[in-house]
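# Structural description and commentary
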Amino acid sequence: MPSILATALLAAALTAAPTLAPAAASAAPGVPAGYRMVDLGTLGGDSSYATAMNDDGDVVGRAQGADGTYRGFLWRHGRMIDLDAFDPTDVNDHGEVVGIRDDGSGAYVWYRGVLRPLGDASALPVSINNRGQVVGRTDAGPVLWTNGRARPLPLSEVSDVNERGQVTGGVFVPGGFHAAVWQRGRVTDLGAGPFDRSNTYALNDRGWVIGWQFSAEQFERGILWRHGRALDVGTLGGSSTQLRAINNRGEILASSQAADGTARPALWRRGALNDLSLAGVSTDGEVVDLDDHGRIAASIRPVWGVSRAVVYYPR
């Protein structure tokens, strides 16, 4: 007889790929009609969760071992690679994984079983691009590492780095905090809406930046900055939207409040925000990352107290 967990996971997989309702299918051209969900498994325990994905479909995160402790993993070509006592935050297309060691010894780049230290025990890496550049935080402030050398950044916070070496983050301003982009020694203030508060989440290789600012009612709204202009991506009928990732096709992964107050996974494409729960993406969990092929990394909760890292493949 299958276990309760196995039965729940099977049910989650079956419900993850229904036929899209006609109303949602016509919401925006190119939005997938459904998704096939793949459970990435664990390292011998019950739970796992995803933190990032690259454009090859590789996923990093943490997973429980048979002893119940969590260890880092790289899921690649259908196999979960054990990264041991490592907490990964990002992975590039070459399979280089950046993160911190559980023993507090600092930040490292993992590649094919070898750990290369970034050289600052206080470092908290955030993102790595395909050139191997790493952006992160240290006790002394935000830093960009290039070929092992650290360059302090004139930002108050950092969130991402793209293939052009552009870094997103934020800066303190008198009375507020603004989303900002750094490139080649220059900081561009992206501005803010009501209450003089905004910040960034990520950017793509075209220089499109996603982040947030408050609405007049003090709700968080997802913002896309492109060509010097700020665009509110809207909601699914509720008051707030939180953006998660943006790919090079300009698609944005989000979590948005619906009219009934529930949070739904969403995809913004060509001016329309679409409810992904209508395409089979679970509302019981969190969407995490999005690649250039439209694949979505997420963590779902198949049963109470259990988390599983998954990838949704567009049909």
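For the structure, see preceding data.
A brief report on the enclosed structure follows. What you are looking at is a predicted structure, and each value in this text was computed from that prediction instead of being measured.

### Quick notes on the sheet that holds strand β19 (residues 209-214)
- Read across the sheet, four strands follow the order β18-β19-β20-β21 without closing on themselves; strand pairing throughout is antiparallel. Whereas interior strands pair on both sides, the edge strands pair on one side only; in this sheet they are β18 (198-203) and β21 (229-232). The average undirected angle you get between the axes of adjacent strands in this sheet is 35°.
- Here five bridges tie β18 to β19, and the two strands are oriented antiparallel to one another. Residue pairing for β19: Leu203 is matched across the bridge by Val209.

### A closer look at the environment of Val60
- The residue Val60 is located in strand β3 (residues 59-65) in this model.
- Of the residues examined, Val60 reaches a relative accessible area of 0% and is grouped as buried.
- Excluding anything up to four places from it in sequence, Val60 contacts Ala50, Thr51, Ala52, Phe73, Leu74, Pro88, Asp90, Val91 and Val97.

### Thoughts on the pairing of strand β12 (residues 141-146)
- Burial of β12 is extensive: five of the six residues sit out of reach of the surface.
- As defined by bridge partners, β12 adjoins strand β13 (residues 149-152) across four bridges and the pair is classed as antiparallel. Paired with Thr146 across the strands is Arg149, a residue of β13.
- Linking β12 back to β13 in an antiparallel pair, the connection comprises two residues, with Asn147 at a positive phi of about 50°.

### Quick notes on the packing of aromatic side chains
- Per the counting criterion, the structure on display carries five aromatic pairs.
- Taking 4.8 Å as the distance between ring centres and 85° as the angle between the ring planes, the aromatic pair formed by Phe172 and Phe177 counts as edge-to-face.
- Its relative accessible area of 63% is what places Phe172 among the exposed residues.
- Through a chain of ring-to-ring contacts, three or more aromatic side chains come together here, namely Phe195, Trp212 and Phe214.
- Over the face of the ring belonging to Tyr313 we find Arg36, whose NZ or CZ atom lies 4.7 Å from the ring centre.
- When the ring centre of Trp208 is taken as reference, the NZ or CZ atom of Arg206 above it lies at 4.1 Å.

Procedures and definitions
Residues numbered from 1 in each chain as written. Predicted model: local features only at pLDDT ≥ 70, side-chain atom pairs only at ≥ 80, totals over all residues. Heavy atoms only, no water. Pairing = 2+ DSSP bridges. Helix = DSSP H or I, 4+ residues; strand = E, 2+ residues; numbered from the N terminus. Axes fitted to C-alpha atoms, helices over the stretch in contact; angles between N-to-C directions. Buried < 20%, exposed > 50% of the residue type's maximum accessible area, 1.4 Å probe, protein only. Contact = heavy atoms within 4.5 Å. Phe/Tyr/Trp six-rings, centres within 6.5 Å; stacked < 30°, edge-to-face > 60°. Lys NZ or Arg CZ within 6 Å of the ring centre and 35° of its normal.

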